[in-house]
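Each chain, written out:
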Amino acid sequence: MKALVWQGVNRVGVETVPDPTILQPTDAIVRITSTAICGSDLHLLDGYIPTMVHGDILGHEFMGEVVEVGREVRKVKVGDRVIVPFPIACGHCWFCQHDLTSLCDNSNANAKLAEKMFGYAPSGIYGYSHLTGGYAGGQAQFARTLYADDNLFKIPGGLTDDQVLFLTDILPTGYMGALNCDIQAGDTVAVYGCGPVGLFTIMSAFLLGAGRVIAIDRFPYRLAKAAALGADPLNYEQEEVLEALKLRTGGRGPDSVVDAVGMESHGLGLGGLADAVKQTTRVLESDRPHALRSAIISVRKGGTVSVPGVFGGFGDKIPLGAFMNKALTMRTGQTHVHRFVPRLLEHIVKGEIDPTVIISHRLSLDEAPHGYHIFKHKEDHCVKCVLDPWAAPRQGNASGTSKAMGAD
Amino acid sequence: MDVGSPLGGPATSGIADALKGALPGGTGKASQEQRRVTLILGGVLLTLGLRRVSFGGAALALAGGALLYRELSRQSGQAGAETHMAEVTRSITIGKSAAELYRFWREGGHLPRVMGHFAEITETDMDQAHWTVRVPGGRSLSWDTRVVESRPGELVSWQSLPGTELPNRGEVHFRPAPGDRGTEVTLRLHFQPPGGTLGAAAARALNGLVPSLLVGDALRRFKSLVETGEIPTLDRNPSARASTA
């Protein structure tokens, strides 16, 4: 089959690889009909998440049709149209039983590696480094999925791929980012980052009762998307964030601030430069926590900082003084996707959420390296690339071979 | 690889010899035995490490290679002489009752899969098993174990029968965990050499690394097996690497 593979730092390409096979009796093979490039794939591309190996298949947002099931799969049937949550849940451990599926005890085949890094191992994730299991990802024509009965969600007829694809990751991730703010009716929520997760956080915050959402980014086309969803745009290259937020909230500050950027945020001035330089070593500092720092400083006293943005290792100069003295709460985590799929599916069916509005590009799998390029460099007003693994490449964008992506 | 005679050689340091002579395990034969075990376990590490394509695998291989290098490059008389026994204890919580877990361990026939990352085990009956660990150069270490104590719902302990190069014993304890969390399972493995010197070499050489990986892995595999019926695997995981094609 064809698959998008990691070929080294800043290099991805489409290669022919072996088809996946059933390895365990609870596995299912999915013929992928739609897959997407996620912002967190950029952290892998850039080499900031350790333990990537040349040849690893990327992709953790995918859906399709079940074409084969293991002998112990009961609920899922060949022919079912399913979405596949990015965290892999065994369905049996204490964490899965308590709806904390991204913390599953059993699904990470490389748990001891993750324990070295984090103390305890989070769940396995498809196509997301060997730290989270090393499983082949879904930017491919087929994928082996694990514990099928507990992971594959059947999609009701009448919904398009575009409407449900993002249930695999970014829609629940934005939703959990908003939920973690513990929004009270009329609250003001500031959201750092107007990429796909930030945009879904904005939608979710309104759905959960926020009176006002302030969207922070530096790309006008992304701020315009946020404004179209009802948020107040704030361009941090034009306004100083703390003062601007104070001005817009009567000096109180937002009740909660969401960091929907994560480890590669862009800072201004010397601090931002120092982070950028240190991070390029991939040793001195793996994470650039500029948005997180700003969130801690700019949230109101007693407020909540919610962090759906991905961090991988270590970040410097987190303002712990502000965190402690302002009595803040921080909530974070890889998304417990399984918990949120049913209620979000209902919102989609009722028309209360339209996930398709964030799609900016539709590409064939062969064009995926081009998709990574424009997504990373914010070219061509790229917000979200959806890939069709079976489409023929269109002229101009095809890039089946390895392609250097270039640094920031 | 022959890890025997070519490594023997005259001791060069009189002071070291005097020190070693004063301690058990400092004699020439014991030193050679220590080195032999270090080499074997270094080789096991290297093999385990090279078998997996990962950061951890690379680390294992490096550690194993370092042990081999250290032992191959030093003269036999310089082997250390502490007499610690290699002992590793790890704990994991499993969402089943102690009685169920005890039955799984004793009667399920799961031991070969639980220890499959490390040893080939044939259970001859409920109390006896034959263990084989492959080492580089087509060699292998093997031993038989016998259950010496078992208390339903509480513990199982076993030890190797006389005649192995690496005598060892192990025990697994089951203790109810708080709330709805199931059972705390503690696995302890001791590797104890005749005369107390082989284990010292193993413990020192491995610096706790390999036995802790072995024990931690065994517990994780046991947990996955009893909670989900399977042990996560990456065998035949598609990638663009020829080795996994």
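Computed from a predicted structure; not experimentally measured. (Residues numbered from 1 in each chain as written. Chains lettered and ligands numbered in written order. Predicted model: local features only at pLDDT ≥ 70, side-chain atom pairs only at ≥ 80, totals over all residues. Heavy atoms only, no water.)

### Quick look at the interface of chain A and chain B
Rules: Every residue pair with non-hydrogen atoms within 4.5 Å of one another is taken to be in contact. When two parts are put together, the accessible area they lose, computed with a 1.4 Å probe and summed over both, is reported as buried area. Each reported salt bridge corresponds to a side-chain nitrogen of Lys or Arg within 4 Å of a carboxyl oxygen of Asp or Glu. Here a polar contact is recorded for every N or O atom pair within 3.5 Å, except that within protein the pair must consist of a potential hydrogen donor and a potential acceptor, and residues adjacent in sequence are included only if both atoms are side-chain atoms. Basically, the charged four are Asp, Glu, Lys and Arg, the nonpolar ten are Ala, Val, Leu, Ile, Met, Phe, Trp, Tyr, Cys and Pro, and anything else, Gly included, counts as polar.
Counting from both sides, the interface comprises 39 residues of chain A and, opposite them, 27 residues of chain B. Summed over both sides, the interface between chain A and chain B buries roughly 2,800 Å², with carbon and sulfur atoms accounting for 55% of that surface. Where chain A packs against chain B, one counts 4 salt bridges. The closest approach of N and O atoms between Asp56 of chain A and Arg241 of chain B, which form a salt bridge, is 2.8 Å. Taken together, chain A and chain B are joined by 16 residue pairs in polar contact (both at pLDDT 80 or more). Grouping the amino acids of the side of chain A that touches chain B by side-chain chemistry returns 19 nonpolar, 13 polar and 7 charged.

### Topic: the UniProt feature "domain: Alcohol dehydrogenase-like N-terminal" (unreviewed entry) in chain A
As a reminder of what qualifies: UniProt positions are given in the numbering used here, feature names are shortened, and annotations may be inferred rather than shown by experiment. The secondary structure listing takes helices from DSSP runs of H or I that are at least 4 residues long and strands from runs of E that are at least 2 residues long, numbered from the N terminus.
Here the UniProt feature "domain: Alcohol dehydrogenase-like N-terminal" (unreviewed entry) sits at residues 25-145 of chain A. Overall, residues 25-145 of chain A shows 16% helix and 25% strand. The separation of its end C-alpha atoms is 11 Å.

### Describing the packing of aromatic side chains
The description of an aromatic ring pair uses the distance of the two centres, along with the angle that the planes make with each other. Cut-off, in case you're wondering: Between the rings of Phe, Tyr and Trp (Trp by its six-membered ring), a pair exists once the centres lie within 6.5 Å; its type follows the angle of the planes, with under 30 degrees stacked, over 60 edge-to-face, and the other angles tilted. A 1.4 Å probe rolled over the protein chains alone gives each residue an accessible area, and that area as a share of the maximum for its type sets the label: buried under 20%, exposed over 50%, partly exposed in between. Whether a charge sits over a ring depends on NZ of Lys or CZ of Arg being within 6 Å of the ring centre and within 35 degrees of the ring normal.
Counted according to the given criterion, the structure contains 10 aromatic pairs over all chains. Aromatic side chains Phe219 of chain A and Tyr221 of chain A sit 6.2 Å apart centroid to centroid with 55 degrees between the ring planes, which places their arrangement in the tilted category. With respect to burial, Phe219 of chain A and Tyr221 of chain A carry one shared label: buried. Taking the centre distance of 5.9 Å and the plane angle of 25 degrees together, the rings of Trp131 of chain B and Trp143 of chain B count as stacked. On the criterion of sequence distance, the pair formed by Trp131 of chain B in strand 3 (residues 128-135) and Trp143 of chain B in strand 4 (residues 139-151) is long-range, its members being 12 residues apart. Exposure remark for Trp131 of chain B: the relative accessible area of 3% places this residue in the buried category. Classification of Trp143 of chain B by relative accessible area gives buried; the value is 4%. Every member of this aromatic cluster is reached through a ring pair, and the members are Trp105, Trp158 and Phe222 of chain B. Over the ring of Trp390 of chain A we find Arg31 of chain A; its NZ or CZ atom is 4.2 Å from the centre of that ring.

### Focus on the UniProt feature "domain: Alcohol dehydrogenase-like C-terminal" (unreviewed entry) in chain A
UniProt's feature table lists "domain: Alcohol dehydrogenase-like C-terminal" (unreviewed entry) at residues 196-263 of chain A, given in the numbering used throughout. The straight-line gap between the two end C-alpha atoms of residues 196-263 of chain A is 16 Å; of that span, 43% is helix and 21% is strand.

### Some thoughts on the sheet that holds strand 13 (residues 256-259) of chain A
Residue and element names in this part refer to chain A. What counts, and what does not: Any two strands with at least two DSSP-identified bridges between them are counted as paired. To define axes, lines are fitted to C-alpha atoms, for helices over the stretch in contact only, and angles between the resulting N-to-C directions are given on a 0 to 180 degree scale.
Pairing in this open sheet of 6 strands is parallel, and the strands run 12-11-10-13-14-15 from one edge to the other. Each edge of the open sheet carries a strand with a single partner, namely strand 12 (232-235) and strand 15 (329-332). Across the sheet, the mean angle from the axis of one strand to that of its neighbour is 20 degrees, orientation sign disregarded. Note that strand 10 (residues 188-192) and strand 11 (residues 212-217) share 5 bridges and pair parallel. By the bridge assignment, Tyr192 is partnered in strand 11 with Ile216. With respect to the sheet, helix 7 (residues 196-207) is in contact with strand 10, strand 11 and strand 13, its orientation differing from that of strand 11 by roughly 170 degrees. Along the sheet, helix 8 (residues 220-228) makes contact with strand 11 and strand 12, crossing strand 11 at roughly 170 degrees.

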